[in-house]
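Residue strings, one per chain:
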Amino acid sequence: EAGVTQFPSHSVIEKGQTVTLRCDPISGHDNLYWYRRVMGKEIKFLLHFVKESKQDESGMPNNRFLAERTGGTYSTLKVQPAELEDSGVYFCASSQDRNWQTPDEQYFGPGTRLTVT
Amino acid sequence: DAKTTQPTSMDCAEGRAANLPCNHSTISGNEYVYWYRQIHSQGPQYIIHGLKNNETNEMASLIITEDRKSSTLILPHATLRDTAVYYCIVRVASAGTALIFGKGTTLSVSS
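Criteria and cut-off values
Residues numbered from 1 in each chain as written. Chains lettered and ligands numbered in written order. Predicted model: local features only at pLDDT ≥ 70, side-chain atom pairs only at ≥ 80, totals over all residues. Heavy atoms only, no water. Contact = heavy atoms within 4.5 Å. Buried area = accessible area lost by both parts, 1.4 Å probe. Salt bridge = Lys/Arg side-chain N within 4 Å of Asp/Glu carboxyl O. Polar contact = N/O pair within 3.5 Å; in protein donor to acceptor, adjacent residues only side chain to side chain. Helix = DSSP H or I, 4+ residues; strand = E, 2+ residues; numbered from the N terminus. Nonpolar A, V, L, I, M, F, W, Y, C, P; charged D, E, K, R; others polar. Phe/Tyr/Trp six-rings, centres within 6.5 Å; stacked < 30°, edge-to-face > 60°. Disulfide = S-S within 2.5 Å. Buried < 20%, exposed > 50% of the residue type's maximum accessible area, 1.4 Å probe, protein only.

In this section: the interface of chain A and chain B. Tallying the contact residues gives 21 residues for chain A and 23 residues for chain B. Overall, the association of chain A and chain B removes approximately 1,800 Å² of surface from exposure, summing both partners, and the carbon and sulfur fraction of that is 53%. On inspection of chain A and its partner chain B, the count reaches 1 salt bridge. In this structure, the salt-bridge partner of A:Glu42 is B:Lys103, at a minimum N-O distance of 2.9 Å. Here chain A and chain B share 6 residue pairs in polar contact (both at pLDDT 80 or more) between them. Of all the elements, strand β4 (residues 31-38) of chain A adds the most residues to the side of chain A that touches chain B, at 4 residues. Residues belonging to the side of chain A that touches chain B are distributed by class as follows: 9 nonpolar, 7 polar and 5 charged.

Now the structure itself:
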């Protein structure tokens, strides 16, 4: 079974440009999460999808970040316009949809390393 | 903020058991203890989780104290490939909740 995949693995862009990150979850996983780690900081939650619906966007830093999951399969995270402080590693994770009272195990992709210059 | 406290770093000899402690004194009755690890340049990897009973899987064992205020992750026979940052995370028993990562423990396994 294929794991969570992310594309690209690395991206280097200039300040003010736009970048779109893609995440393909494990097949059959309805839950999809985005996290990121900026330099020297802990891994932080960004948002959570259940199928195509955003369940929790509380971690999105500002309106320069837009996440979508059309059709409930893969997801994209767009940063427009990118700023220097957006540099870091962006992780995607997915999990199965279970009984609401049962916690799920989240499986992470390898991440996309974003460098804004 | 993370609700757990872990040592910054630990060392372990290859082949020996690695015991990683975690304090979570404010844990609530409906919160689980999760362990993840991040090997350099990879995404976090799920290891194990538990509520109040000890748990074991093919990767590790999780020992939770009776009062649930602390736990220990045990890697029974550490290998060089177990060198990683280990995160202890407290999480409510509800699917879909975010993982809150702290600084974790950097485990260095040496030969």
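Having put the structure on the table, let's press on.
Another aspect to go through is the packing of aromatic side chains. Taken as a whole, this structure holds 14 aromatic pairs over all chains when the rule is applied. For the pair A:Tyr35 and B:Phe101, a centre-to-centre distance of 6.0 Å together with 90° between the ring planes defines the contact as edge-to-face. Taken as a pair, A:Tyr35 in strand β4 and B:Phe101 in the loop between β8 (84-92) and β9 (105-110) lie in two separate chains rather than in one. Residues A:Phe65 and A:Tyr90 carry aromatic rings whose centres are separated by 6.5 Å and whose planes lie at 25° to one another, so their mutual orientation is stacked. In this pair, A:Phe65 sits in strand β7 (residues 65-68) while A:Tyr90 sits in strand β9 (residues 88-95), placing the two residues 25 residues apart along the sequence.

Right, let's get into the state of the cysteines. Among covalent bonds in proteins, the disulfide is the one between the sulfur atoms of two cysteines. One pass over the structure, following the stated rule, counts 2 disulfides over all chains. The disulfide partner of A:Cys23 is A:Cys92, and the S-S distance across this bridge is 1.8 Å. Measuring the twist about the S-S bond at about -60°, one finds the A:Cys23-A:Cys92 disulfide to be left-handed. One end of the pair, A:Cys23, is in strand β3 (residues 19-24); the other, A:Cys92, is in strand β9, with 69 residues separating them in the sequence. Like A:Cys23, the residue A:Cys92 is buried in the burial classification. Note that B:Cys22 is cross-linked by a disulfide to B:Cys88, the S-S spacing being 2.1 Å. Taking the torsion about the S-S bond as the criterion, the B:Cys22 to B:Cys88 disulfide, at about -85°, is left-handed. One end of the pair, B:Cys22, is in strand β2 (residues 18-23); the other, B:Cys88, is in strand β8, with 66 residues separating them in the sequence. In this structure, B:Cys22 and B:Cys88 share a single accessibility class: buried. In this structure B:Cys12 is a free cysteine whose sulfur lies 18 Å from that of B:Cys22, the closest cysteine sulfur available.

What is shown is where atoms sit, not what they do.
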